[in-house]
Amino acid sequence: LRRSAFPALGEHTGIRVNELTFYHTDEWMVLPATAARSPEAPHHCAFVELLAEGPQPAKWFVTHSWGEPIDDFVKCVQLHSRT
């Protein structure tokens, strides 16, 4: 998570970057990005379909709380990747 990607987050929401949770990103980014866009495309898509060019086979499954700060989640995943 790059803090510079959210320079004015607090100005608009009162939330500091280190308080940003998966609930916030789902509401503000994932749901709007994956919503049906037109009658020709009436179905929602998965967020990964917007980012990947093809199938993304999983190497790991990570479960987490949607209420935890994303910053904490990223730190835990980074720590795990170094072990």
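Reading the values: the criteria
Residues numbered from 1 in each chain as written. Predicted model: local features only at pLDDT ≥ 70, side-chain atom pairs only at ≥ 80, totals over all residues. Heavy atoms only, no water. Helix = DSSP H or I, 4+ residues; strand = E, 2+ residues; numbered from the N terminus. Buried < 20%, exposed > 50% of the residue type's maximum accessible area, 1.4 Å probe, protein only. Contact = heavy atoms within 4.5 Å. Phe/Tyr/Trp six-rings, centres within 6.5 Å; stacked < 30°, edge-to-face > 60°. Salt bridge = Lys/Arg side-chain N within 4 Å of Asp/Glu carboxyl O. Core = buried A, V, L, I, M, F, W, Y, C linked by side-chain atoms within 4.5 Å.

As a further point, take the overall build of the protein. Secondary structure summary: the protein contains four helices and zero strands in total. Beginning at the N terminus, the succession of helices and strands in the protein can be written as α-α-α-α. The proportion of buried residues among the 83 residues of the protein is 18%. Within the protein, contacts between residues separated by at least 24 positions form 43% of all contacts whose residues are at least 6 apart in sequence.

As a further point, take the packing of aromatic side chains. Summed over all chains, the structure comprises two aromatic pairs. Ring centres of Phe 22 and Phe 73 lie 5.2 Å apart, and the angle between their planes is 85 degrees; on these two criteria the pair is classed as edge-to-face. Here Phe 22 is found in helix α2 (residues 22-34), whereas its partner Phe 73 is found in helix α4 (residues 70-81), with 51 residues between them in sequence. Of the two residues examined, Phe 22 and Phe 73, each falls in the buried class.

You can see His 24 is positioned in helix α2. Its relative accessible area of 19% is what places His 24 among the buried residues. Setting aside residues up to four positions removed in sequence, His 24 forms contacts with Ile 15, Glu 19 and Met 29.

Pairing between side chains becomes possible if they bear opposite charge and their charged atoms approach one another. In this structure the tally under the stated criterion is one salt bridge. The shortest N-O distance in the salt bridge between Lys 75 and Asp 71 comes to 3.6 Å. With Lys 75 and Asp 71 both in helix α4 and four residues apart, this pair spans about one turn of that helix.

So, on to the nonpolar core. In this structure, Leu 20, Phe 22, Ile 70, Phe 73 and Val 74 together form the largest nonpolar core, which totals five residues. The contact partners of Phe 73, leaving out residues within four places of it in the chain, are Phe 22, Val 62, His 64 and Glu 68.

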